[in-house]
Amino acid sequence: MARKQHTRNASGPLGPSQRQLRAGELIRHALVDVLRENEIHDEALVGVSVTVTEVRMSPDLRHATCFVEPLGAGVEAAETAGQESAIIKALNEHAKFLRGQLGRRIDMKFTPDLKFRHDESFDAASHMDRLFNDPRVRADIEHADDEDDGPQVAQGAVGLEKD
């Protein structure tokens, strides 16, 4: 007989628990310290500074997905431009070594298995900036703001007079 899994509501869990978030931050800070010491000897990681942007933990805290961004990865002139996949591959190849280093630094019942992934949020934010700076979109935004400001200012000013 299968055990019923507990969920926060009928439609499923809303997101990570407070415990998962705390453990993720603990792992992220410890991982930053390990990567800062440059103990990994791999050609793909020589002279590369890696930012650990987020660590997502599994509900049982045994697996951690680490989102990383090589410094300057989105800049064409940077040394790491176009090398993101090689850097992520190298980190995944050294995941067991990094896990061993984490085990010495954190106080958890289990040291989680690590999986590294490239953080795409910077690319998405850059794309959104380009969209918002497009002259056609900017004209639409400014036109919508002009229409919205008129009635809202008149309604808001009525009840906020000071004596």
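Note that the structure is a prediction, hence the values are computed from the model and not measured.

### Observations regarding the pairing of strand S2 (residues 63-70)
- Buried residues dominate S2, accounting for six of its eight residues.
- Direction of pairing for strand S1 (residues 50-57) relative to S2: antiparallel, over a ladder of seven bridges. Among the inter-strand pairings, Arg56 is bridged to a residue of S2, identified as Thr65.
- Pairing geometry for S2 and strand S3 (residues 113-118), over six bridges, is parallel. The residue of S3 that forms the bridge with Phe67 is Arg117.

### As for the pattern of salt bridges
- According to the stated counting rule, one finds five salt bridges in the structure shown.
- The salt bridge partner of Glu25 is Arg28, with a shortest N-O separation of 3.0 Å. One end of the pair is Glu25 and the other is Arg28, both in helix H1 (residues 18-36) and three residues apart, which spans about a single turn.
- We classify Glu25 as partly exposed; its relative accessible area is 36%.
- A salt bridge links Asp33 to Arg36, with the nearest nitrogen and oxygen atoms 3.1 Å apart. Note that Asp33 and Arg36 are positioned in helix H1 at a spacing of three residues, about one turn of the helix.
- Residue classification places Asp33 among the partly exposed positions, given a relative accessible area of 31%.

### Thoughts on the sheet that holds S2
- Across the sheet, three strands lie side by side as S1-S2-S3; this open sheet has mixed pairing. The strands lining the two open edges of the sheet, one partner per strand, are S1 and S3. With direction set aside, neighbouring strand axes in the sheet form an average angle of 30 degrees.
- Packing against the sheet, H1 makes contact with S1, S2 and S3, and its axis sits at approximately 155 degrees to S1.
- Running at roughly 180 degrees to S3, helix H2 (residues 84-93) makes contact with S1, S2 and S3 of the sheet.

Parameters and conventions
Residues numbered from 1 in each chain as written. Predicted model: local features only at pLDDT ≥ 70, side-chain atom pairs only at ≥ 80, totals over all residues. Heavy atoms only, no water. Buried < 20%, exposed > 50% of the residue type's maximum accessible area, 1.4 Å probe, protein only. Helix = DSSP H or I, 4+ residues; strand = E, 2+ residues; numbered from the N terminus. Pairing = 2+ DSSP bridges. Salt bridge = Lys/Arg side-chain N within 4 Å of Asp/Glu carboxyl O. Axes fitted to C-alpha atoms, helices over the stretch in contact; angles between N-to-C directions. Contact = heavy atoms within 4.5 Å.

Nothing here speaks to function; it is all geometry.
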